Amino acid sequence: MAKRKVIVTIAPTGGMAFKSQNPHLPTQPAEIADDVYRCYNAGASVVALHARRPDDQATCDAGIYLDMNQRIRDRCDIVLNNSTGGGVHGDMVRESYPGMWEIIWEERLKGMDAGAEMCTLDATTLNLAFGEREYLMNTPLTKARELAVGMKARGIKPEWEVFSPTHILQDATTLINEGLDEGPPFVNLVMNVHRNFQNAMPFSPRYLQMMVDMLPKNAVFCVSGIGPSQLEANISALLLGGHARVGLEDNLYYRHGELATNVQLVERIVRIIREMDMEPATPAQAREIMGLSQRSGVRPKFAC
């Protein structure tokens, strides 16, 4: 009997942290590509990419994504997943009124235009708090539908980002039922970011089980445990038949007081997967699990 294949997603950068918080954080296309290639060799089959400007601030500039995507594709066939969330600084935000910042919708759309075969789709409105600033990511159903329609037209598979049960049951499921994802839906359950994201869920195995039970029919799921919950959320996902995401976007530490590298985080979850008598999926196997290999219509530039 064949061993179960587990998709390991590496999220190397994100749109929030800086090198001042962890000097191992890659931010420029060349260093991100180098780090991703090391993670690919360690067992990662999908990469969730965020772009940064030369000053390390967040952007969804398609040109920067294209540079990064090409550098990675020249070295390996890992599945490329570009963010349409962006981040909380740089090109991505503007001040609406004192103390309140908005994540700019028009900038988010640019993440779809760099030829990746997947893009993140946050089909929900979020209020975020970092330091003394608050941010609004305003994504009513009409805007979420615009993202989903735009991805379908470009041949891009969405990765549905959800932070609470309502995010599953409302807009994500509505858009999936409208036929805006060829399926199976690939859903990333983001947990333990509740201290910064209003209405997000803390992590516990019980809460994760509840959210898994609410997923759309035939959904494939991955779990992102934020901060110290990353490892236990990954293990819980494996026990429930899901897939794992690691990386410095979600967690800057290997263990308490010890900063991590992306490769260390991939190597650890791959060891655990194998100890559980499973195997990390290759990129080709990941495409098969997510339905990328059967997609019809337009093929993105970096599709394999």
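Just so you know, these numbers come straight off a predicted model, no measurement behind them.

A.B. asks: So what exactly am I meant to see when it comes to the nonpolar core here?
C.D. replies: The nonpolar side chains of a soluble globular protein tend to be buried, and buried together. Of all hydrophobic cores here, the largest spans 56 residues; its most connected members are Ile10, Leu49, Ile72, Ile78, Leu80, Val266 and Ile269. When residues of this core are assigned to their parent elements, the largest contribution, seven residues, is made by helix H8 (residues 262-275). When residues no more than four places from it in sequence are discounted, the contact partners of isoleucine 72 are Ala33, Val36, Leu49, Ile78 and Leu80. Within the second largest apolar cluster, 31 residues are counted, among which are Ala144, Met151, Leu175 and Val212.

A.B. asks: Can you help me understand the pattern of salt bridges in this one?
C.D. replies: When the charged atoms of two side chains lie near each other, side chains of opposite charge can form a pair. Evaluated as defined, the whole model comprises 19 salt bridges. For the salt bridge of aspartate 67 with arginine 71, the shortest nitrogen-to-oxygen distance reads 2.8 Å. Residue aspartate 67 and its partner arginine 71 are both found in helix H2 (residues 62-73); the two are separated by four residues, about one turn of the helix. Accessibility expressed as a relative area gives 32% for aspartate 67, which makes it partly exposed. Taking relative accessible area as the criterion, arginine 71 reaches 37% and is therefore assigned partly exposed. A salt bridge links glutamate 178 to arginine 145; the nearest nitrogen and oxygen atoms lie 2.8 Å apart. Remark: arginine 145 occurs in helix H4 (residues 141-154) and glutamate 178 occurs in the loop between helix H5 (165-177) and strand S13 (186-191); sequence separation between them is 33 residues. For arginine 145, a relative accessible area of 26% corresponds to the partly exposed category. In this structure, a network of salt bridges that share partners links the residues Arg53, Asp55 and Asp91.

A.B. asks: Explain the sheet that holds strand S15 (residues 243-246) to me, please; I cannot follow it from the model alone.
C.D. replies: The pairing of strands in a sheet comes from backbone hydrogen bonds and takes either a parallel or an antiparallel form. What the eight strands build is a closed barrel, ordered S2-S3-S6-S9-S12-S13-S14-S15; its pairing is parallel. Strand-to-strand twist of the sheet, defined as the mean angle between neighbouring strand axes without regard to direction, takes the value 25°. In the sheet, strand S2 (residues 8-10) pairs with S15 via three bridges, with the strands oriented parallel. What sits directly across from isoleucine 10, in S15, is valine 246. Sheet strands touched by H8: S2 and S15. Its angle to S2, the strand with the most contacts, is close to 170°. Lying over the sheet, helix H9 (residues 283-290) contacts strand S3 (46-49), strand S6 (79-82), strand S9 (118-121), strand S12 (157-162), S13, strand S14 (220-225) and S15, oriented at roughly 60° with respect to S6.

A.B. asks: Where do I start with the side chain of serine 224 in this structure?
C.D. replies: Among the secondary structure elements, serine 224 is positioned in strand S14. Among the polar contacts made by the side chain of serine 224, one reaches the side chain of arginine 245 at a distance of 3.0 Å.

A.B. asks: Please clarify how the environment of leucine 265 should be interpreted in this entry.
C.D. replies: Topologically, leucine 265 is positioned in helix H8. Given the relative accessible area of 2%, leucine 265 is considered buried. Between the alpha carbons of leucine 265 and leucine 231 there is a distance of 9.0 Å; along the sequence they are 34 residues apart. Non-local contacts of leucine 265, meaning those with residues more than four positions away in its chain, are made with Gln230, Val246, Gly247, Leu248, Asn251, Tyr253, Tyr254 and Ala260.

A.B. asks: How should the pairing of strand S7 (residues 93-97) be read in this particular structure?
C.D. replies: Regular strands have side chains that alternate between both faces of the sheet. Here four bridges tie S7 to strand S8 (residues 100-103), and the two strands are oriented antiparallel to one another. Each residue of the ladder has a partner; that of arginine 94, found in S8, is glutamate 102.

A.B. asks: Is there a simple way to explain the pairing of S15 in this structure?
C.D. replies: Residues His243 and Arg245 line one face of S15 and the alternating positions Ala244 and Val246 line the opposite face, and both faces are buried. By the bridge criterion, two bridges tie S14 to S15 in an arrangement that is parallel. Across the sheet, valine 223 pairs through a bridge with alanine 244, a residue of S15. The parallel pair S14 and S15, bridged by helix H7 (residues 230-239), forms a crossover whose chirality is right-handed.

A.B. asks: I would appreciate a short explanation of the packing of aromatic side chains in the present structure.
C.D. replies: Per the stated rule, a full pass over the model turns up four aromatic pairs. Each ring, one from tyrosine 37 and one from tyrosine 40, has its centre 6.0 Å from the other, and the planes form 20°; the classification is stacked. Of this pair, tyrosine 37 and tyrosine 40 are both found in helix H1 (residues 29-42), three residues apart, which corresponds to roughly one turn of the helix. Look at tyrosine 40 and you get partly exposed, because its relative accessible area is 26%. Ring centres of phenylalanine 163 and phenylalanine 197 lie 5.4 Å apart, and the angle between their planes is 35°; on these two criteria the pair is classed as tilted. Placement of the pair is phenylalanine 163 in the loop between S12 and H5 and phenylalanine 197 in the loop between S13 and helix H6 (205-213), with a sequence separation of 34 residues. Ring pairs connect the aromatic residues Phe130, Tyr135, Phe163 and Phe197, which therefore count as one cluster.

Reading the values: rules and limits
Residues numbered from 1 in each chain as written. Predicted model: local features only at pLDDT ≥ 70, side-chain atom pairs only at ≥ 80, totals over all residues. Heavy atoms only, no water. Core = buried A, V, L, I, M, F, W, Y, C linked by side-chain atoms within 4.5 Å. Buried < 20%, exposed > 50% of the residue type's maximum accessible area, 1.4 Å probe, protein only. Helix = DSSP H or I, 4+ residues; strand = E, 2+ residues; numbered from the N terminus. Contact = heavy atoms within 4.5 Å. Salt bridge = Lys/Arg side-chain N within 4 Å of Asp/Glu carboxyl O. Pairing = 2+ DSSP bridges. Axes fitted to C-alpha atoms, helices over the stretch in contact; angles between N-to-C directions. Polar contact = N/O pair within 3.5 Å; in protein donor to acceptor, adjacent residues only side chain to side chain. Right-handed = clockwise from strand over helix to strand, strands pointing away. Phe/Tyr/Trp six-rings, centres within 6.5 Å; stacked < 30°, edge-to-face > 60°.

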